[in-house]
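Here is what each chain is made of, one letter per residue.
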Amino acid sequence: MQNSSIEIRILELRGWIDYHNYRYYALDDPEISDAEYDEMFRELQRLEEERPDLIAPESPTQRVGSTPVGELKKIARSLPMLSLSNAMDEAEIREFDARIKRFLMLDSDVNIEYVCEPKFDGLAVELIYEQGIFTLGATRGDGIVGEDVTHTIRTIHSLPLRLHSESPVTGKPNPIPERLEVRGEAIMLIADFQALNRRQSAKDERIFANPRNAAAGSLRQLDPKTTVDRPLTLFCYHIGAATGLTFKSHLELADQLQAWGFLTPDPRDSASGIESVIRLHQKLERMRDQLPFEIDGTVIKVNDIGLQRRLSQTSRNPRWAVAAKFPPRQMTTVIENITVQVGRTGVLTPVAELKPVEVGGATVRRATLHNQDEIDKKDVRVGDRVIVQRAGDVIPEIVKVIESKRLVDSQPYRLPRLCPVCESPVVQDQDQAARRCSNVSCPAVIANSIKHFIHRHAMDIDGMGDKIVYQLLDAGLIQSAADLYQITFESLIKLDRFAEKSAKNLLAAIHKSKKTTLWRLIHALGLPSVGETTSRLLADHFRTLPAVRAATTEELAEIDGIGPIVAKSIAQFFTVDANALLIDKLLAVGIDCEGSGQNRPRNVGKFSGMTFVLTGALSGMSRKESKSRVQAMGGKVTSSVSRKTTVVIAGEKPGSKLKKAKNLGIDVWNENRFMEEIKN
Ligand SMILES: [Zn+2]
């Protein structure tokens, strides 16, 4: 064959293989036999061997072509990859719809058009295409920083390595944007999962608990060949950026994804009005067990992209979509014992030790009983037969006791009066269900605070597990988290199981954790009811540790996502001497959470550096929407007028704030002026 005709034949074969690949994997409707497909594939391989200069990464022969990587590279995003908020029942689905209408100031009887798609139980990923060629695949990670999994994602047959130039379904030509960001989810089909576990079991290797774990393991492999043996499927449902392209609706966007060769969520339905949406949600739940993959709910999205833009997002979730979860799966089992754990705040938590039972694809051995009030309410006793349930990743719960099966000699359960760890008296705070150990230096409290401090989702001290924490505590090397930074090589090397190398590694990991981000430090401090999400909210809002420490209950309660009770407890935390001392010690040893650049960038825009106060009602926009518009353009919104205020936006019936603004000589915008400013 002539050189030029080889080149043409190669392109031709790649085109045909991509097309038939799509018919097979995406449409499940092949037009040719496996033998014919293999023949084409082998011809392409042969020609590429002859002309290695023509091998391109987007060639179907190159799916497994990448060499193993040493570690997964971290990928930092400029815009976060958000996750969806959840609706746990029908009332919360209706509230989602009502919230949207309040935000957009629509009448409650207006019917919004929604699209419903299955909520996959897999791993969210982002794909980048440049000039139509797949160049990067990354996991969601924590939303801001993900991991580069390009080498394993490439092996997934439902991923187009190159965007189809024409739709494999309709034959219409496709636009090819210069840069395209696609969001989707990598999952393992139930059949692939079962086959994988059979192979693992035959080899006497690890059995995966559920398809989601198996998918995560497969995607995060360093060697793509391993991923091939643990086949994944990719569904794509959203477009981040697409140079030069705009869409009117989500349905149009989904059609375009399909035309490019992506597998899109199926079934996909649209409906007008929330009651019809709820019926679709119920229908999907009935279909749940017939689908070839695990789903845990329905994703409900506003179809109109213009409305999506107006609704925009909070700092955590888009406002225009929600994940409506299916009711949890339930099973019955027996409580073999009730044990008590003492947490990092000293709170005693009773835990039911269960006879192991399979619930929704996972083995459940323990369930939290929360506190004495919960135990009393459900009258849970040792030996009882109970119904347990599990919803997604949530900790399993006891729903109720089956009283007809109760043993005759069973006794009501009482929490111990003495701490099971240090035997100090247990106390109960006023108005609170929780009982806690009265000893502020209870070993369980100290150990659990330090375990929390070093955790992957807090200061992330690599290689330091719970065992080492207990060892350091027992040896008297640490009494609080701050002491970690004072440990010396000489003292560490004397301990059992520490050699020169492991001691050096641990000290290096501890040292490395000094350079951290504000949310990690806040989370590590272990404020009651402040998890990762709230820590991020605080970091995003206040930007510096002194600002968080100085925040009043009112200022805290104003943050979208923080309620008055949590606000109060946060403010209180910083007034406690022991906590202030710990923070000062940490700062003194050189913890630096300001300059690492991983704090989320504030929106930059026309209003950057400006502080706004809203008063009165605008006719075309709700208070929340106007606030979100100001924030999206980089402005800050506060509730009271002071000398720091830049602009007061005054609508109908403004209050005393307008008067105060005028007294202080602050700029006042009416609705028209505000609309003008945000239009440009
Ligand atoms: Zn104690």
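Here we summarise the structure given alongside this text. Since the structure is predicted, the reported quantities are computational estimates derived from the model, not experimental observations.

What follows covers the overall build of the chain. Scanning the chain for helices and strands turns up 24 helices and 22 strands. Against the 2.2 N^0.38 benchmark of 26 Å for 680 residues, the chain shows a C-alpha radius of gyration of 29 Å, consistent with a compact globule. Here the C-alpha coordinates of the chain stretch approximately 85 × 75 × 60 Å along the principal axes. The buried share of the chain, taken over its 680 residues, is 47%. Long-range contacts, defined as pairs at least 24 residues apart, comprise 67% of the intrachain contacts of the chain with a sequence gap of at least 6. Accessible surface, the chain: about 34,200 Å² in total, of which carbon and sulfur atoms supply 50%.

Before going further, it helps to spend a moment on the nonpolar core. Phe 453, Ile 461, Met 464, Leu 472, Leu 484, Tyr 485 and Leu 538 are the most contacted members of the largest nonpolar core, which has 52 residues in total. Of all the secondary structure elements, the ones that give two or more residues to this core are helix H12 (443-454), helix H13 (466-474), helix H15 (500-512), helix H16 (518-525), helix H17 (532-542), helix H18 (545-550), helix H20 (564-575) and helix H21 (577-588). Per-element tally for this core: the top contributor is H16, with six residues. Counting residues domain by domain, this core receives three or more from each of domain 4 (443-512) and domain 5 (518-588). Membership of the second largest hydrophobic core comes to 34 residues, among which are Tyr 129, Leu 159, Ala 215 and Phe 247.

Moving on to the sheet that holds strand S4 (residues 123-130). Spatially, four strands are ordered S5-S4-S7-S8 in an open sheet, and the strand pairing comes out antiparallel. Strand pairing shows two members of the sheet lacking a second neighbour, strand S5 (133-139) and strand S8 (233-242), which therefore form its edges. Going from strand to strand, the sheet's axes swing by 25° on average, the running direction of each strand aside. As paired elements, strand S7 (residues 179-187) and S8 share seven bridges and run antiparallel to each other. Note that in S8 the partner of Ala 186 across the bridge is Leu 234. Sitting on the sheet, helix H6 (residues 211-219) touches S4, S5 and S7, and the angle it makes with S4 is about 35°.

How each quantity is defined
- Here the residue numbering is sequential within each chain, running from 1 through the sequence in written order.
- Per-residue local features of the predicted model are confined to residues with pLDDT of at least 70, and side-chain atom pairs are confined, for both listing and counting, to 80 or more; whole-chain, interface and lining totals are unaffected and use all residues.
- Side-chain numbers here rest on the full set of heavy atoms in the structure, without hydrogens or water.
- Starting at the N terminus, helices and strands are each numbered in turn, a helix being any DSSP run of H or I of at least four residues and a strand any DSSP run of E of at least two.
- Our radius of gyration is a C-alpha quantity, and the globule rule it is checked against amounts to 2.2 Å times the number of residues to the power 0.38.
- Only protein chains enter the accessibility calculation, which uses a 1.4 Å probe; a residue is then buried when its area is under 20% of its type maximum, exposed when over 50%, and partly exposed in between.
- Here, two residues are considered to be in contact whenever any of their heavy atoms come within 4.5 Å of each other.
- The accessible surface values rely on the Shrake-Rupley method and a 1.4 Å probe; as for residues, cover is taken only from the protein chains in view.
- Remark: nonpolar core denotes a set of buried residues (Ala, Val, Leu, Ile, Met, Phe, Trp, Tyr, Cys) joined through side-chain atoms within 4.5 Å.
- The split into domains, and so the bounds of each, comes from an automatic or database assignment of domains.
- Two strands qualify as a pair provided DSSP detects at least 2 bridges between them.
- Convention adopted: a line fitted to C-alpha atoms gives each axis, helices being fitted over their contacting stretch, and angles between N-to-C directions are expressed from 0 to 180 degrees.

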